[in-house]
Each structure stands twice: as structure tokens, then as C-alpha cells.
Amino acid sequence: MSRKLLSLAKPKIKLPLDDNFQPAVLWNRTFLNYIKNLGKGTPLSIGIEKEDSSVLVYKTQVFLDESELASFNYKYIERLVKTLLWIYGGYKIIIGGSKKIGEYIKKIYSEEGKRAFDAKFMSGIYEKPFTVVTMNINEIPSAKEKSILLGGHLEGCRIGFDLGASDRKVSAVIDGKVVFSEEVVWNPGTQTDPRYHYHEIMSMLHHAAAHMPRVQAIGGSSAGIYINNRVMIASIFRGIPAEVFDKKVKNIFLNIQKEWNVPLKVINDGEVTALAGSMSLKKNAVLGIAMGSSEAGGYINKKGNINNWLNELAFIPVDLNSEAPVDEWSGDRGCGVQYLSQLAAIRLAKKAGIVLDSEQTPAEKLKSIQELIACGDERARKVFETIGYYLGYSIAYYAQFYEIENVLVLGRVTSGEGGQIIMQKTEEVLGKEFPELYNRITLNLPDESNRRVGQSIAAASLPLINK
């Protein structure tokens, strides 16, 4: 039975550099089809709870506990729970239905369990103990979610910035037009003194301010998780000791706001990506995917609002192959960061037989691969073809949780000819495997200049100017 399930969940398309890719979307579809066809299923609901009693509820089916196929339930629900947790965010998992599945999830999210990293991470974000509870399916709380209208404010003199792992960008924006833009290389991740970050951020704000008659609002983005302008976790501060982080980093943007005395808003860079896409396309239901040092995500819902979700796509399992590559941070296999980032390009280049300079940074290695494809190197072409297929199956998986009508794809992995190849193969996947999505979702790959300007304007538009 297991062999049949796995064979039916194999992709129709042969990936040039990954014969073992097991798309989560196909595995889940096959699992649910078996339940439907055999008539041995029972309902199960998953609740994810966060602050202010907000609850996301996802309803699905599993095999009956007494079924000979019940062992498949654990893989399906474990991967599904992890996906929901990193899309939505929260400190409590509620399993409504099977007590056996509930106990399994509780065990793996314990301090000694396989998902101890995820539990500790969420506990740190929401500053509450992480818990897993089981209840009868009719007792699970009703869904209660919030969304906020964020951005789109173009009036006045504004500063927009983006804090990346290798460079920082800032722009001065007057009534929606960029009048100054600056990009500076920096190295924040290895710094152990937060005064470095504070000085660099204040310096770029002053550079932008010098090109405007006044500053009325400041908006910015960065990889990481920000709640009410507080830094809960961010890669640019990963070198800061934990005890210093809590005292000097968590409120760094609140302190900067006091210095400038204007409205200031900082959010995840993936959300700014989606916001920029929505503003430029003049459309909603936009999923933004940025493929750079990691994979960032953001979502603008059908109403044009931002859901109060994490959208941390880098941690979402898109490959259920038991030998899938490991995410060095979380220790988990098959997560998006290893498929839709420069890490994927470097990993696949090795499989293609491309030898890269070990002294180069990851960004430099990616650039070397991109230079090869510009020279017609077929090995490099296979790298980007494989990433394109990864992206197609991942978008189909994301579509199970987001209402998507538009996808905006960007990041340094999409630069040059490689970006066009990625988009072609993504479309091929959707057309061959998911025709219903192919007819519904529009893929967008902005040019580099529009992306940078669009990101700046979107970031600057985040705060509402007090009148």
C-alpha cells in the first residue's frame, strides 16, 4: 500500500536534477483521494491559536484510528500542522478529533521531540509557553481571524527602507515618487553589538532625509518577524547574544521612532513584496515570493488587506521525500529554504557537476552560476529548470492555504536569464499537473529596476501620516 501511495504521488514531470522530489501537494492529494475512494475516513480539525484569541481552523480528513492505513495519518497531519504553524503563527495547537493523533503531535512538539525547534521558536515570538491540546471535534473553537489595511499611503515626504542580509537600501519618497535611493553593502549577521545596527539604520535615514524638505513618515522591511514594531526574531540580528537581544534589540525600532518623532512601521520583507505587487498590479489576492538568501513570503488578501499571519515560507515542508535536504537552522527536511533560495541553486549546481569556489560567499556562488547560464552552460540551465519545477509544485501547495489569484516572484535567484527559465517551468507544472490553478493564477516577474523602486515605495507607504 505504501509503495502504491508513493508512486501515485510522484510528479508527472521529471526534474532534471532531483529524481526523488516528493511534492507535498501531490502526497496530500493522493492521501485524501484514498480516504475518499475507500470510504474509511473521519473528520479532523486543526486549530492554531495566537494572541487576542485569534484562531485559524483547518478542516480535513484522516483514516479511522482502527484502519490498517491509520499509520499514514501521522505523516500527513505532522507536515500539515507544521505548514499551518509557519503560515499562520501561534503558541497553541488544537487537534479536534483523533486523540491518538493529538498525543503524537504533543509528543513531537515537546522539548525532546522532533519539532522542539518550532515550539521554542513560536514560544519566543509570542512570549508564551507553547502547548498542544486535544479535544472532541465539536468542541474546537470557531475560526476568529484579523486582517489589517496596511500601506498604500503615498502622500507627503516619506522614507522607505529594506534591511537585507548583505545590503541595506533606503529611498526618499515624495508623494509616491522616489527622489533619492541608496544601496549600501553591510554585514549585520555577524555583528555582536547592536550599536552597529542602530548606527547603520540611523545613518541611512539621515541620508534619505537630506533629500526632502521634511520627514513625515518612515516605513521599512526586513527578513524576520515583527509584532507592533518589536523585533521578535530577525536574521540581521542573529549575532547578538540572547540576553543583549532582549534588552537592546527588541525595541530598537520603537527607540528609532522616538528619535524621529514621526509614524514608523516595520514589517516582514515578504509582506512588502506582496504589497508592492498589489500596488503595481492594482490587484489583490497576491502571494509574494522572494528568493534570495532565504525564501520570504507575503500575502495580500482578496480585500487588499494583510492578514495577521507569519507567512514564513522558508520553514514550510514542500518535499516529503524522507531523504530530502536538511534545513541547517531547524534541522527539518524538505523545507522551502532548500528549494526556493540561493541555497537551492548552490546545492543543485553541485549535483549538476558545477565546481564553485569555496572561498566565495553564497551570493557570489549564485552569481557564478548565473554567469554560466549566460554563456549557454547546460548544467547551469538545469539548475534553474529544477528550481522552476520546485516553484510550480510549491505554489500549488501554498494554494491549499491561501486564496491566490496573482503570484509575484522576485529575489536575486530570479535575476537574468535564470529568472525567465524558472517562470517557464513553473507555468509548465501548473499547466500539466494543476490546470485549475493554471487558469486562475497569474505569474508575475518584475524587472529589477521596477522591483527596487516598487519595494521602496511600498515600504514608505506603510505608515499613515498623522493629521
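Cut-offs used in this document
Residues numbered from 1 in each chain as written. Predicted model: local features only at pLDDT ≥ 70, side-chain atom pairs only at ≥ 80, totals over all residues. Heavy atoms only, no water. Pairing = 2+ DSSP bridges. Helix = DSSP H or I, 4+ residues; strand = E, 2+ residues; numbered from the N terminus. Axes fitted to C-alpha atoms, helices over the stretch in contact; angles between N-to-C directions. Contact = heavy atoms within 4.5 Å. pLDDT = per-residue confidence, 0-100. Phe/Tyr/Trp six-rings, centres within 6.5 Å; stacked < 30°, edge-to-face > 60°. Buried < 20%, exposed > 50% of the residue type's maximum accessible area, 1.4 Å probe, protein only.

*Asks:* Please clarify how the sheet that holds strand β2 (residues 55-63) should be interpreted in this entry.
*Replies:* Think of a sheet as strands paired side by side through backbone hydrogen bonds, with each pair either parallel or antiparallel. Read across the open sheet, the 4 strands follow the order β2-β1-β3-β4; overall the sheet is mixed. The open sheet terminates on both sides in strands that have one partner only, identified here as β2 and β4 (131-135). On average, each strand axis in the sheet is tilted by 20° relative to the strand beside it, whichever way the strands run. Taken strand by strand, helix α3 (residues 71-88) contacts β1 (41-49), β2 and β3 (92-96), and its axis lies near 165° from that of β2. Strands β1, β2, β3 and β4 of the sheet are contacted by helix α4 (residues 99-108), whose axis makes an angle of about 175° with β4.

*Asks:* Explain the confidence of the model for the protein chain to me, please; I cannot follow it from the model alone.
*Replies:* Atomic detail in the predicted coordinates should be set aside for any region of low pLDDT. Taken over all residues, the pLDDT of the protein chain has a mean of 92, while the share at 70 or more is 97%. Within the protein chain, helix α1 (residues 2-8) has the poorest average pLDDT of any element, 57, and helix α12 (residues 378-398) the best, 98.

*Asks:* Even after reading the chapter, I still don't get the packing of aromatic side chains, so can you show me in this structure?
*Replies:* Between two aromatic rings, the relevant description is the distance of the centres plus the angle of the planes. Evaluated as defined, the whole model comprises 29 aromatic pairs. Measuring from ring centre to ring centre gives 4.3 Å for F31 and Y76, while their planes differ by 25°; the resulting arrangement is stacked. Of this pair, F31 sits in helix α2 (residues 24-38) while Y76 sits in helix α3; the two residues are 45 residues apart in sequence, bridging distant segments of the chain. Each member of the pair, F31 as well as Y76, is classed as buried. Ring centres of Y299 and W309 lie 6.4 Å apart, and the angle between their planes is 15°; on these two criteria the pair is classed as stacked. In this pair, Y299 sits in strand β14 (residues 295-300) while W309 sits in the loop between β15 (306-307) and α10 (342-351), placing the two residues 10 residues apart along the sequence.

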